[in-house]
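Letter by letter, the chains look like this.
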Amino acid sequence: MASFIEDYALLSDMNTAALVSRAGSIDWFCAPRFDSGAVFASLLGDRENGRWLLAPLESVNPSPVEEVRTERSYRENTFILQTVWHVGEASVRVTDFMPLAGGTAIVRSVEGLTGEVTMLQELNMRFDSGKTTPWVTQYDGPADSTGAVDVSQSMLVGMAGPHALVFRGDTIPEGQYGNHTDTFTVSAGQNYVFSLNYFASNHNPPAPIDYSTAITYTTAQWTEWSDLYVPPAIAEATENEISAIRTVPNEEISAESTTSSSIGLPSTNREGEAITNTQLPEIDLATYHELAQTAMHPIVPSTPEQIQTQNDESYREARLRSLLVLRALISRETGGLVAAATTSLPETVGGRRNWDFRFSWLRDVAMAMEVTLAHGHERETAQLRNWIMRAVANSPYNLHSVYGVAGEKDDLERRLALPGYENSQPVRAGNGSDDRFQGDALGQVLVTFAHLRENGVGEDQLSWSLQKALLNSASERIGQPDQSMWEIKGDPHVFTHSQAMLWAAFNAGISAVQEHGLDGDVELWAQCRDRLAEDILSHGFNTELNSFVQTYGGTHVDASLLQLAQIGMVTWDDPRMMGTVARIERELQHESGMIYRYINVRGFDGFEDQDNLHFAASLWLAEHYIRSGREADGRALLDTVLSAANDLGLMSSEYSFVENRQTGNFPHTLAHIALVRAVQALEI
């Protein structure tokens, strides 16, 4: 059985991804692309659908003799996962990562820290999302003069049709029919390294991975990327510190200030190694006792300013992790951004709200462009921009909301023969929603291109001609019913948000002509914009409720209305917008502060049940609180959302406070984009 969604960690090589459970099992891995068939699919079934388990043997003992504990974290600002297993008094560290060079691979290492730990390794290779078991052959390394085989050159090769995997390691598990298992004991100071490469079966297996080179390069690449953005508050503080250092005269540091009754600190570290290349500091006796008490009773921030400083740091860390998630889910090969690394993780466990999110939504890609540009990632912004132009060029007059990772159109949705996550059916491959027109997708693309122009990103002959084609197409879509940005499966309606996004599209086109000197039918676009504004205020705003409403003539609200201020249709503190927020709080807000996307009245969305609280929508509300003068409320909601994220800062699409667990596909791009925006609103 798969783990809870929040128990998974993400690995990525920027072309595909893998999910590692807290139990040490890689239960999801598609190769070689995000949307390829899964090599490990036990996330949506069981071990027979493919997995790679690497964990202490005691952790799977039904009657454990010793206590087993885990601690895990990413190596700072990377997707290199480090899990420390404590088994009684012994411990090991397992490091998992996907190298950022040299094909599609997963590398795992086990390092002995203390004592001895017996490890279990179970490798169940599959192809086609668990449907195909490969034929596996073991190739032994050369033997020495005594006949002993060089295990470092041995390998397992699994092959089926066009697909192949090669496994190498310091010990080779035994087995057959794609299921291989072994145990080995790791002592303090010992290291075991394993790797699994995917390759096309008509090619030779790729060369062995050098662990040291691979992890050093991968660390450097992730770190270099994350260092491109320096938060404004940090940049200002750093400059102030530098200025202060420059103005401190050396005479202020006198000999008297370093002499008193003192106690020397230890001359060795925790491992008993001598501390070198530094003079041991000395502290006075009173300070020593104060530090000793602090170690036993850590100081808790006591003033509002101290608490806010601590919270700001946690917000900045969450923002950086969310930016890293975006980078992890952007294909470095095509520039497409997938909505999540998974398919068919249910929005309601046991229900039918199960979709394939391994596709690229125009809306998500456009929103991601804005946050990558704002945070210093021009290369990724250019990749996303180029991807959008290629996707739109399919047919700007028949725009889809969803495309494949390379910008291709694929209307085919298939059912996979997998049990499903906790038996949630159906399990889907493909996304049939891409053949529907969605007003929000067209509008978001044009809004984002306007944002790029305002920030100095110029147009070229292709980009502006495509935008003009979109605008001409939009003129024929005014008042057209659709399924909303939520792609409901119920009857189409004229959604206020969809029409507002068309308004924003025409507004962007007009500004391109009037403010940036581009050519276009500005008279037609102005007529369309003004007509939309009149229709939205006449039919999409309820004066009795003092609120924008979900559908023309309706009385309910949905969370997409929070974007009206984001696109500039109204100001953040416009009384009509504040009334809409009040209505959202009354109708959609849970006691936790998080909100639903909408209330599913009488099966409005084509399903009988209500889905769970939505991460992205809740973060839109937090952003609105902050930008409309309710910063304390925004911070409180941001804290609630972060508490619902997992220990690594990852969010799925939804959360259930009834079951205290994440639901929906994971990790969800839209949620992480929304988190970046909410923290950005704090200007920290």
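All values derive from a computational prediction rather than experimental measurement.

Undergrad: Before we go on, may I ask you to explain the packing of helix H7 (residues 439-454) against helix H9 (residues 496-516) in this structure?
TA: Each pair of packed helices can be described by the angle between their axes along with the distance between the axes. Packing of H7 against H9 leaves a shortest axis separation of 8 Å and a crossing angle of 30°. Classified by the angle between their axes, H7 and H9 sit roughly parallel to one another. In this structure, H7 meets H9 at a crossing whose hand is left-handed. Residue-level inspection shows Gly439, Asp440, Leu442, Gly443, Gln444, Leu446, Val447, Ala450, Arg453 and Glu454 of H7 in contact with H9, the latter providing His497, Ser498, Met501, Leu502, Ala504, Ala505, Ala508, Ser511, Ala512 and His516. Tallied by class, residues from the contact of H7 with H9 come to 10 nonpolar, seven polar and three charged.

Undergrad: For this particular structure, what's the right way to read the nonpolar core?
TA: One broad rule of soluble globular proteins: the nonpolar side chains tend to lie buried together. Counting 177 residues, the largest nonpolar core has Val110 and Ile388 as the members making the most contacts within it. In terms of residues, this core owes the most to one element, H9, which gives 11 residues. Counting eight residues, the second largest nonpolar core, distinct from the first, contains Ala339, Trp355, Phe357 and Phe359.

Undergrad: Is there a simple way to explain helix H13 (residues 615-627) in this structure?
TA: Three- or four-residue spacings in an α-helix give side chains the same orientation, since the helix completes a turn every 3.6 residues. Spanning 13 residues, H13 covers 19 Å between terminal C-alpha atoms, matching the ideal 18 Å at 1.5 Å per step. Buried residues dominate H13, accounting for 12 of its 13 residues. Of the residues making up H13, those classed as buried are Phe615, Ala616, Ala617, Ser618, Leu619, Trp620, Leu621, Ala622, Glu623, His624, Tyr625 and Ile626. Taken from the residues just after H13, glycine 629 is the one with a positive phi, measuring 100°.

Undergrad: Got a minute to help me understand the sheet that holds strand S26 (residues 654-656) in this structure?
TA: Hydrogen bonds between backbone atoms are what pair the strands of a sheet, whose relative direction is either parallel or antiparallel. Pairing in this open sheet of three strands is antiparallel, and the strands run S25-S26-S27 from one edge to the other. Here the strands that pair on one side only, and so sit at the sheet edges, are strand S25 (613-614) and strand S27 (661-663). Judged from the two bridges that link them, S25 and S26 form a sheet pairing that is antiparallel. Within S26, the residue paired with leucine 613 across the bridge is tyrosine 655.

Undergrad: What am I meant to see in the side chain of serine 653 here?
TA: You can see serine 653 is positioned in the loop between helix H14 (631-644) and S26. For serine 653, a relative accessible area of 3% puts it in the buried group. If we ignore the near neighbours within four places in the chain, the residues touching serine 653 are Glu347, Leu613, His614, Phe615, Thr663, Gly664, Asn665 and His668.

Undergrad: Help me understand a negative patch on the surface in this model?
TA: Among the surface-exposed residues, Glu76, Glu224, Asp227 and Glu317 lie close enough to one another that they form a single negatively charged patch. Note on placement: glutamate 224 falls in helix H1 (residues 211-226). Since its relative accessible area comes to 51%, glutamate 224 is described here as exposed.

Undergrad: What should I look at first to understand the side chain of serine 109 in this one?
TA: Relative to the elements of secondary structure, serine 109 occurs in strand S9 (residues 104-114). At 3.0 Å, the side chain of serine 109 forms a polar contact with the side chain of tyrosine 211. In contact with serine 109, not counting residues within four places along its chain, are Arg93, Val94, Thr95, Tyr192, Val193 and Tyr211.

Undergrad: I keep staring at helix H5 (residues 362-374) and nothing clicks. Help me out?
TA: For H5, which comprises 13 residues, the first-to-last C-alpha distance of 19 Å matches the rise-based estimate of 18 Å (1.5 Å per residue) to within 8%. Counted residue by residue, H5 has 12 buried out of 13 residues, so it is predominantly covered. Once H5 ends, the next one or two residues include glycine 376, with phi positive near 85°.

Undergrad: Please explain empty space enclosed by the protein as it appears in this structure.
TA: One way to see where empty space is left: roll a probe the size of a water molecule over the atoms. Applying the stated criterion across every chain, the model contains two cavities of 30 Å³ or more. For the largest cavity, the full set of lining residues is Val20, Ser21, Arg22, Gly24, Leu54, Arg72, Leu81, Thr83, Trp85, Asp96 and Arg108. For the lining of the largest cavity, the elements supplying multiple residues, two or more each, are strand S2 (17-21) and strand S7 (81-87). Per-element accounting of the lining of the largest cavity gives the leading share, three residues, to S7. One number sums up the size of the second largest cavity: a volume of about 40 Å³. Per-element accounting of the lining of the second largest cavity gives the leading share, four residues, to helix H8 (residues 461-474). When its residues are assigned to classes, the lining of the second largest cavity shows seven nonpolar, two polar and no charged.

Undergrad: Help me understand the sheet that holds strand S11 (residues 135-139), please; the structure alone is not making it clear to me.
TA: Pairing is antiparallel across the open sheet formed by eight strands, whose spatial order is S6-S7-S8-S9-S16-S13-S12-S11. In this open sheet, the two edge strands, each paired with only one partner strand, are strand S6 (68-74) and S11. Put simply, the sheet's adjacent strands are angled 15° from each other on average, direction ignored. Strand contacts of H1: strand S8 (90-97), S9 and strand S16 (191-200), with the helix running at about 70° to S8, the strand carrying the most contacts.

Cut-offs used in this document
Residues numbered from 1 in each chain as written. Predicted model: local features only at pLDDT ≥ 70, side-chain atom pairs only at ≥ 80, totals over all residues. Heavy atoms only, no water. Axes fitted to C-alpha atoms, helices over the stretch in contact; angles between N-to-C directions. Helix = DSSP H or I, 4+ residues; strand = E, 2+ residues; numbered from the N terminus. Parallel < 35°, antiparallel > 145°, perpendicular 65-115°, else oblique. Left-handed = near helix turned anticlockwise from the far one by under 90°. Contact = heavy atoms within 4.5 Å. Nonpolar A, V, L, I, M, F, W, Y, C, P; charged D, E, K, R; others polar. Core = buried A, V, L, I, M, F, W, Y, C linked by side-chain atoms within 4.5 Å. Buried < 20%, exposed > 50% of the residue type's maximum accessible area, 1.4 Å probe, protein only. Expected span 1.5 Å × (residues − 1). Pairing = 2+ DSSP bridges. Patch = residues over 30% accessible without salt bridge, like charges linked within 9 Å, V, L, I, M, F, W, Y side chains within 5 Å. Areas by Shrake-Rupley, 256 points an atom, 1.4 Å probe, with all protein chains shown as cover. Salt bridge = Lys/Arg side-chain N within 4 Å of Asp/Glu carboxyl O. Lys, Arg positive; Asp, Glu negative; His and termini not counted. Charge placed at Lys NZ, Arg CZ, Asp CG, Glu CD. Polar contact = N/O pair within 3.5 Å; in protein donor to acceptor, adjacent residues only side chain to side chain. 1 Å grid on protein atoms, 1.4 Å probe; cavity = no way out; pocket = protein on both sides within 12 Å on 5 of 7 lines; lining within 4 Å. Points joined across faces, edges and corners; volume = space filled by probe spheres on them.

These values are about where atoms sit, not about what they do.
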